[in-house]
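Given next are the chains, with one letter for each unit.
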Amino acid sequence: MSHVGVGPRAVMRSVAFLTAGALAVPALAGCTSEDPSGKPLAEQDVAAAARARVADGGTLRWAVDSVPDTLNAFQSDADATTTRVAQAVLPSMYRMDGTGSPVRDPDYLESAEVVDTEPKQVVVYKLNQQAVWSDGREIGAADFAAQWRALSGKDSAYWTARNAGYDRIEKIERGANDLEVKVTFSRPYADWKALFTPLYPKDVTGTPDAFNDGARRTLKVTAGPFAVNKVDTKGDQVVLTGNPRWWGEPAKLDRIVLRAVPRDERVSELVAGKLDLAEIDPETADEVGLAAGPRDPATGTPLMGPGGTPAPGPQGRSAAEALRSWALAHGSDEEAAEEEALAREERREAEAKARSRQQALSGFEVRKSLEPAYTQLALNGSDGPLADERVRRAVARALDRGKLAEAVLKPLGLPTEPVGSHLALSGQPAYADGSGALGEQNAKEARALLADAGWVPGGPVKKKDGEEAAGAEKDKDDKDEKDGEKSEGDDDGTYIVGEDGKNDDGKNDDGKNDDGEGGGKDDGDDAKDGADQESGEKHSSGKNTAQGGAPGAYAPKGTAAPAGSAAAPLAKDGKALTLRFVLPSGPGSQTLRTVADRITDMLAEIGIGTEITKVPDESYFKDHVAAGEYDLALYSWPASAFPATDARPIYAKPVPAADGSLNVAQNYTRVGTDQVDQLFDRAMTTLDQKEARDLLRKADSRIWAAAGSVPLYQRPQLVAARENLANAGAFGFETPVYEDMGYLKKGAQGSRPSAPSSVPPSS
């Protein structure tokens, strides 16, 4: 299951799972002469081809997560498929380019500019003179005005998801001619380019009834290269066909069929020849990549496995196993020979099915990029231990974000740089790495933060006969008395590997810290060493099982304890420091569970325990994340070209509602500050783009410092596509160009960031 929805920016930013006081913030990178926004970490991978090389006609069967409940992108139940339909059939004044920036769409808009700022901000749109709705009417000021009235928030009869930006418009009127639309704002609005994308006809937005119900299952009037032919809820598909009144480059495809196919069923549908394009999980990508690799001309079996590794023999059997099987089948033991003969027949049938499956997948290839979305660790600051900023910061400082990103992205051959901003992704104008406001991973400093918050290594957390509670309640006199009970014979001059042998000051008897170095050494790599689960030298228990370090082995006194060992559990007021880590349990959530396991190990190294709870995908977000029933959670946010508008509800300080409840908007971590709110407000009102970027970067630094959420990695985007399908696949930041999608002419080839497969295109 996919746990991120990148919907139109006009809708509240969709969330998915597969997150104060005075803050000292260092100088921002944005203040230097170098541009901190960088470049996109990965290019789009769509097998780009010139239109002249793409054949006319054909149907594209494209897997989606669901048939949408509504085709109105401004309603609360709009989803990613709503967005896809809207992009193909409705006008957009601006679209996203390869850097995640808004660019004018010339099919609809000849120009748009701010013509006045005093006394009011005024923007004049000049529309393409050929732009018409599918009923023949010109696109014009009446459509802009109707959409503004519907989304302004002034008429509660309209069931809208949000009114950001539209609530700042004072009036809309016809300009110098029918092709000009003049928009006057009551308050300055920096993100004015976010408005009227998509633009609905006045037939949909003109009245509350039409807005609420008229565009849920059909769109009678459209203005894109495609039109909505039907929404088939029984057949779980939406059918788009070419728009005969489209004035731009004609669509290459005859039809696009958006089919609702669960993620775990997509590989079967690909094998059955019922899909041409589908976003897939890493396991399916491995299978498709294996099938598309070089094959033995005699047997048709792949010669190479995923990542260029040699492919295993039939059914994964070695030559020795095959020889043993032959010997059994032809041996003197008749009963064993008969059993082996039956087993060989079953294997032959399984191998035949596997070859057939691989042959069916050989016409596909995996196109990969990074999705315009990032996965974060959310820390619920509403109550419990994480209500203390010091504990949140300690959790964040314990994480090796580089290793977490590497665990997800390196096996896929994608860039492994961790995300450094809550508000933008690398390559977007507002991006700058603000993580310095929190500080780099450092286990020693994380432990110090916890100690300052009163969480200290303790014994039992529940009182037993003759015992006091652990943690800060524990009486020092009791410790002294306990120390005095030791007999001289207890200390035989040896150190047991795996036991820390610390004094009360956290140092070994020789005055060194637990890493074996003097107190001045920065042991920020402690957690890194301990989190390496790929070395096979340490289990999640924290015990070292490498040669020479078996638990219980004796070493001379003074020998340093193994680096990365799990710290003693922390406690305070008789209660252990244990955090509830809630995760989705569906088949598409394996990556999140892998990341969670690594985070758990990293936290254990500073003494924080975790209780992992796996819940059904359908209840994960609504009943746990949104409801605040978690301490730690993993979910994703989509990138936005307009972070001042779109990110504010995510990081705004929660405020009490009229009924006494807490209005968190989309801030599901419940962590916010007045300073962050003020910076967003200033960024939203300035028309100076450089000033807006600087304000957003300052806001991001303060969000980092508050440690309500920790960005981890940009999500991978893996798409299985027919090899002869052009201009479609892993789109990255860019808005798809639906009219250019199609199948290559015979002998033509699309361009890709990496070398295409050697398998010829499917006929």
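On a predicted model such as this, the values are computed, not experimentally measured, just so you know. (Residues numbered from 1 in each chain as written. Predicted model: local features only at pLDDT ≥ 70, side-chain atom pairs only at ≥ 80, totals over all residues. Heavy atoms only, no water.)

Draft legend 1. A look at the overall build of the protein. Summing up its helical and strand segments, the protein has 19 helices and 25 strands in all. Counting all 763 residues of the protein, 49% fall into the buried class. Accessible area of the protein: about 34200 Å², with a carbon and sulfur share of 48%. (Helix = DSSP H or I, 4+ residues; strand = E, 2+ residues; numbered from the N terminus. Buried < 20%, exposed > 50% of the residue type's maximum accessible area, 1.4 Å probe, protein only. Areas by Shrake-Rupley, 256 points an atom, 1.4 Å probe, with all protein chains shown as cover.)

Draft legend 2. Inspection of unusual backbone geometry at higher detail. Here Glu-118 and Pro-119 are connected by a cis peptide whose omega angle stands at 0 degrees. Relative to the elements of secondary structure, Pro-119 occurs in the loop between strand S4 (109-116) and strand S5 (122-127). Although it is not a glycine, Asp-236 sits at a positive phi angle of roughly 55 degrees. Relative accessible area serves as the criterion here: at 37%, Asp-236 is assigned to the partly exposed category. A positive phi is found at Ala-665, a non-glycine position, where the angle reads about 55 degrees. Position of Ala-665 relative to the elements: it lies in the loop between strand S22 (662-663) and helix H18 (674-685).

Draft legend 3. The side chain of Asp-191, seen in detail. Inspection of the secondary structure puts Asp-191 in the loop between strand S7 (180-185) and helix H3 (202-205). The class of Asp-191 is buried, set by a relative accessible area of 10%. Among all residues touching Asp-191, those that are not within four sequence positions of it are Phe-642, Ala-644 and Thr-645. (Contact = heavy atoms within 4.5 Å.)

Draft legend 4. Fine view of the environment of Gly-742. With respect to the helices, strands and loops of the structure, Gly-742 is situated in strand S25 (residues 742-743). For the pair Gly-742 and Ala-55, spaced 687 residues apart in sequence, the C-alpha to C-alpha distance is 6.6 Å. Sequence-distant contacts of Gly-742, defined by excluding residues within four places in its chain, comprise Val-54, Lys-252, Leu-253, Asn-724, Leu-725 and Ala-726.

Draft legend 5. Layout of the pattern of salt bridges. For the coordinates displayed, the defined rule picks out 30 salt bridges. Across the salt bridge formed by Asp-452 and Arg-390, the nearest N and O atoms sit 3.2 Å from each other. One end of the pair, Asp-452, is in helix H11 (residues 443-452); the other, Arg-390, is in helix H9 (residues 389-398), and 62 residues separate them in sequence. Take Asp-452: its relative accessible area is 53%, and that puts it in the exposed class. On the basis of relative accessibility, which here comes to 30%, the residue Arg-390 falls in the partly exposed class. Through salt bridges with shared partners, one network takes in Asp-65, Arg-263, Arg-266 and Glu-279. (Salt bridge = Lys/Arg side-chain N within 4 Å of Asp/Glu carboxyl O.)

Draft legend 6. Spatial organisation of the environment of Leu-712. For Leu-712, the location among the structural elements is in strand S23 (residues 709-722). Among the residues examined, Leu-712 registers a relative accessible area of 0% and is labelled buried. Through-space distance from the C-alpha of Leu-712 to that of Pro-418 is 5.5 Å; in sequence the pair is 294 residues apart. Excluding its chain neighbours within four sequence positions, the residues that come into contact with Leu-712 are Thr-375, Gln-376, Leu-377, Arg-401, Leu-404, Ala-405, Pro-418, Val-419, Val-595, Ile-599 and Leu-634.

Draft legend 7. Main features of the sheet that holds strand S6 (residues 169-174). As summarised here, the arrangement of the 4 strands in space is S4-S5-S7-S6, forming an open sheet in which the pairing is antiparallel. The two strands at the open ends of the sheet, each matched to only one other strand, are S4 and S6. Here the strands of the sheet are splayed against their neighbours by 20 degrees on average, with no regard to which way each runs. (Pairing = 2+ DSSP bridges. Axes fitted to C-alpha atoms, helices over the stretch in contact; angles between N-to-C directions.)

Draft legend 8. Main features of the nonpolar core. Counting 105 residues, the largest nonpolar core has Met-93, Tyr-125, Phe-196, Leu-240 and Tyr-651 as the members making the most contacts within it. The element best represented in this core is helix H2 (residues 141-151), accounting for 6 residues. (Core = buried A, V, L, I, M, F, W, Y, C linked by side-chain atoms within 4.5 Å.)

Draft legend 9. Representation of the pairing of strand S12 (residues 364-379). Counting buried residues in S12 gives 15 out of 16 residues, a clear majority hidden from the surface. The pairing of S12 with S23 spans 12 bridges and is classified as antiparallel. Pairing of Lys-368 across the sheet is with Leu-718, part of S23. Here S12 pairs with strand S20 (residues 632-638) via 7 bridges, running antiparallel. What sits directly across from Leu-377, in S20, is Leu-634.

Draft legend 10. Molecular detail of the environment of Ala-112. Note on placement: Ala-112 falls in strand S4. A relative accessible area of 17% places Ala-112 in the buried class. Once the C-alpha coordinates of Ala-112 and Lys-182 are considered, the two residues, 70 residues apart in sequence, prove to be 9.8 Å apart. Setting aside anything within four residues of it in sequence, one finds Ala-112 in contact with Tyr-94, Val-124, Tyr-125 and Trp-192.

Draft legend 11. Fine view of the sheet that holds strand S16 (residues 570-572). The antiparallel open sheet is built from 3 strands, whose spatial order is S13-S16-S17. Of all the strands in the sheet, just strand S13 (456-457) and strand S17 (575-576) have a single pairing partner and so form its edges.

Draft legend 12. Representation of the packing of aromatic side chains within the structure. For the structure shown, the criterion picks out 19 aromatic pairs. Their ring planes at 40 degrees and their centres at 4.7 Å tell us that Trp-246 and Trp-247 sit as a pair that is tilted. Each member of the pair, Trp-246 as well as Trp-247, carries the same accessibility label: buried. Taking the centre distance of 5.0 Å and the plane angle of 90 degrees together, the rings of Phe-621 and Tyr-668 count as edge-to-face. Placement of the pair is Phe-621 in helix H15 (residues 617-625) and Tyr-668 in the loop between S22 and H18, with a sequence separation of 47 residues. Accessibility assignment for this pair places Phe-621 and Tyr-668 in one class, buried. Here a set of aromatic residues connected by ring pairs shows up, and it is made of Phe-74, Tyr-94, Tyr-125, Phe-144, Tyr-166, Trp-192, Phe-196 and Tyr-200. (Phe/Tyr/Trp six-rings, centres within 6.5 Å; stacked < 30°, edge-to-face > 60°.)

Draft legend 13. Up close: the packing of H18 against helix H19 (residues 689-706). For the pair H18 and H19, the least separation of the axes is 9 Å and the interaxial angle reads 165 degrees. With respect to each other, H18 and H19 are oriented roughly antiparallel. Note on packing geometry: the crossing formed by H18 with H19 is left-handed. Facing H18, whose interface residues are Gln-675, Val-676, Leu-679, Phe-680, Arg-682 and Ala-683, H19 presents Ala-692, Leu-695, Leu-696, Lys-698, Ala-699, Arg-702 and Ile-703. In terms of residue class, the contact of H18 with H19 is built from 9 nonpolar, 1 polar and 3 charged. (Parallel < 35°, antiparallel > 145°, perpendicular 65-115°, else oblique. Left-handed = near helix turned anticlockwise from the far one by under 90°. Nonpolar A, V, L, I, M, F, W, Y, C, P; charged D, E, K, R; others polar.)

Draft legend 14. Fine view of the packing of helix H7 (residues 319-329) against helix H8 (residues 334-361). Contact geometry of H7 with H8 gives a least axis separation of 7 Å together with a crossing angle of 130 degrees. Considered as vectors, H7 and H8 are oriented oblique to each other. Between H7 and H8, the contacting residues are Ser-325, Trp-326, Leu-328 and Ala-329 on the first element and Ala-336, Ala-337, Glu-340, Arg-344 and Arg-347 on the second. Across the contact of H7 with H8, the residue classes break down as 5 nonpolar, 1 polar and 3 charged.

Draft legend 15. A look at the confidence of the model for the protein. Per-residue confidence for the protein gives a mean pLDDT of 82, with 77% of residues at or over 70. Segment residues 310-315 is flagged for pLDDT under 50; beyond a separation of four residues in sequence, or across chains, it makes 13 contacts in the model. In the predicted structure, residues 755-763 sits below a pLDDT of 50 and forms 15 contacts with residues beyond four places in sequence or in another chain. (pLDDT = per-residue confidence, 0-100.)

Draft legend 16. Fine view of a negative patch on the surface. There is a patch of like negative charges on the surface, built from Asp-333, Glu-334, Glu-335, Glu-338 and Glu-339. With respect to the helices, strands and loops of the structure, Glu-339 is situated in helix H8. (Patch = residues over 30% accessible without salt bridge, like charges linked within 9 Å, V, L, I, M, F, W, Y side chains within 5 Å. Lys, Arg positive; Asp, Glu negative; His and termini not counted. Charge placed at Lys NZ, Arg CZ, Asp CG, Glu CD.)

Draft legend 17. Structural detail: the side chain of Arg-715. Locating Arg-715 in the fold gives a position in strand S23. Overall, Arg-715 belongs to the buried group, its relative accessible area being 1%. Side chain to side chain, Arg-715 and Ser-636 meet in a polar contact 3.4 Å long. (Polar contact = N/O pair within 3.5 Å; in protein donor to acceptor, adjacent residues only side chain to side chain.)

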